[in-house]
Amino acid sequence: MSSQPNIPFLDLVAPHAELKAELCEVFCKALDTAGFIGGPMVQGFETDFARYCDTAYSIGVNSGTDALRFAFIAAGIGAGDIVVTVPNTFIATSESITQAGGARIAFVDIDEATYNMDPAKLQHYLENECEWNAVAGKLTERKSGLRVRAIVPVHLYGQMADMDAILEIADKFGLIVVEDACQAHGAKYFSRKQNRWCTAGSMGTAAAFSFYPGKNLGACGEGGAITTNDENLAKKCRMLRDHGQSQKYYHDVEGYNGRLDSIQAGILGIKLKQLPKWTEQRQAAAARYRELCADGATGMGLPYEPEWSKAVYHLFVVRVPNREEFMKNLSSVNIGTGIHYPIPLHLQNAYKGLGYKEGDFPITERVSKEIVSLPMFPQLTAGQQQRVVSEVMNFATAAA
Ligand SMILES: *Cc1c(COP(=O)(O)O)cnc(C)c1O
């Protein structure tokens, strides 16, 4: 075992140590008032988070997965419908589609530079594999006859997908857009159409956020939120998270137990105040990695950030040809890395029934074999980053 100091892939101790006294107060407040579910801490956080995302509403729920699922159900998506997303994402993106009353997943490939949904592939699918059924007044997929309803761009690794292009296609085909913003709290996109910077979660009909502990804004447990400007959709999501009731024991629909609890909401409210600073620290760390790698000697392919994007670097993902060895080398000197994600969703056992095969999404498949996530968190120091890059350089030189 190497005696080199450990550089973790993610440090969840440091950010909580900074805030320990304040966070403990939340817990005491909940104990003193026995306000564990609902109440002012949840409402307060929802107001603050909606403001942060530049939306009219935010609805706290139990997870990012619930946020996606409730958004789909509230938008009326269910059996007989198709929702289009990408295979290069966490399975929650697609699980929630199936779990919205049995809707069906359709995948389209990603853009090799940004790793996000490629609008050209989306358009190609809608134009070539679907057709407008004038009698029924809907867009249907030819091979299944199912109705295409929604698009889910995933703002992967903290960088927004090309939303202008995706929204334009959605408009043209009469589809709604639900953003999977689970990795992109506070990410920005310069909309050429609106001629302004827009915030992740504010551009689609609705968006889903996760507050899983490792996310840019994380709870000390589970949590998530839906954001939207649609009052009716917000109302439906609020009912869905609480057994379909808007008034105690008056159930308009069947819902779920999917609430954000008060302690998590209180904690999130405190951490939300730190988020702008933490985001800047992540962006500074990303810039530092780029500087340290500027001469190209590491052999790593760096993430591409278009001029219309301000990414929040949930992850700093590089590309290497010999990933297994690369990760083993770094691990031997106590540097943590990760893969997001190693198996594209269309090749997962869970989705054998969808009928996809190897070769269907070549960009996702190629990328999934070469991507590695380097250590990235707000408290990552310049010294730690220098060591990461110099170790990569050492191994690269030794191999040459
Ligand atoms: C984390 C994540 C989710 C799910 O969020 P949970 O809170 O874990 O349910 C969904 N989509 C993406 C892209 C994620 O990273």
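In this report, we go over the structure that sits alongside the text. (Residues numbered from 1 in each chain as written. Predicted model: local features only at pLDDT ≥ 70, side-chain atom pairs only at ≥ 80, totals over all residues. Heavy atoms only, no water.)

1. Describing the site of the ligand
Thinking step 1. In the neighbourhood of the ligand, 14 residues make up the surrounding shell, with Gly 64, Thr 65, Asp 180, Ser 210 and Lys 215 lying closest.
Thinking step 2. Side-chain polar atom of Thr 65 to an oxygen atom of the ligand: 2.4 Å apart, as the coordinates give it.
Thinking step 3. Ser 210 places a side-chain nitrogen or oxygen 2.6 Å from an oxygen atom of the ligand.
Thinking step 4. More than half of the atoms of the ligand fall within 2 Å of the grid points belonging to the largest pocket. (Near = heavy atom within 4 Å. Polar contact = N/O pair within 3.5 Å; in protein donor to acceptor, adjacent residues only side chain to side chain. 1 Å grid on protein atoms, 1.4 Å probe; cavity = no way out; pocket = protein on both sides within 12 Å on 5 of 7 lines; lining within 4 Å. Sits in = over half its atoms within 2 Å of the grid points.)

2. Things to note about the layout of surface pockets
Thinking step 1. Roughly 540 Å³ of internal volume is contained in the largest pocket.
Thinking step 2. If you trace the largest pocket, you find 24 residues lining it, with Phe 90, Gln 183, Tyr 212, Lys 215 and Tyr 341 closest to the centre.
Thinking step 3. Mapped by element, the contributors of at least two residues to the lining of the largest pocket are helix H4 (64-74) and helix H5 (92-98).
Thinking step 4. Broken down by element, the lining of the largest pocket gets its largest block of residues, 3 residues, from H4. (Points joined across faces, edges and corners; volume = space filled by probe spheres on them. Helix = DSSP H or I, 4+ residues; strand = E, 2+ residues; numbered from the N terminus.)

3. Quick word on helix H2 (residues 20-33)
Thinking step 1. Given a rise of 1.5 Å per residue, 14 residues ought to cover 20 Å, and the 20 Å separating the end C-alpha atoms of H2 matches this to within 8%.
Thinking step 2. Among the residues of H2, Leu 23, Val 26 and Ala 30 are the ones counted as buried. Considered in projection along H2, the buried side chains sweep an arc of 45° and stay on one side of the axis. Structural note: H2 exposes Lys 20, Ala 21, Glu 25 and Asp 32 on the side pointing more than 90 degrees away from its buried face.
Thinking step 3. As for H2, its buried residues are in contact with helix H1 (14-18), helix H3 (40-53) and helix H9 (262-292).
Thinking step 4. Of the residues trailing H2, Ala 34 is marked for its positive phi of about 50°. (Expected span 1.5 Å × (residues − 1). Buried < 20%, exposed > 50% of the residue type's maximum accessible area, 1.4 Å probe, protein only. Arc of directions from axis to C-beta. Contact = heavy atoms within 4.5 Å.)

4. Quick word on the pairing of strand S11 (residues 224-228)
Thinking step 1. In terms of burial, S11 is largely enclosed, as 5 of its 5 residues are buried.
Thinking step 2. Of the two faces of S11, the one lined by Gly 224, Ile 226 and Thr 228 and the one lined by Ala 225 and Thr 227 are each fully buried.
Thinking step 3. With 5 bridges joining them, strand S1 (residues 57-61) and S11 adopt antiparallel strand pairing. Considered in S11, the bridge of Ile 59 is made with Ile 226.
Thinking step 4. Note that strand S10 (residues 206-210) and S11 share 5 bridges and pair antiparallel. Bridging from a neighbouring strand, Ala 207 pairs with Thr 227 of S11. (Pairing = 2+ DSSP bridges.)

5. Considerations on the pattern of salt bridges
Thinking step 1. Under the definition given, this model contains 18 salt bridges.
Thinking step 2. When the shortest N-O distance is used, the salt bridge between Arg 192 and Asp 162 registers 2.9 Å. Within this pair, whereas Arg 192 is found in the loop between strand S8 (188-191) and strand S9 (196-199), its partner Asp 162 is found in the loop between strand S6 (147-151) and helix H7 (163-173), the two being separated by 30 residues in sequence.
Thinking step 3. Connected through shared salt-bridge partners, Glu 112, Arg 319, Arg 366 and Glu 370 make up one network. (Salt bridge = Lys/Arg side-chain N within 4 Å of Asp/Glu carboxyl O.)

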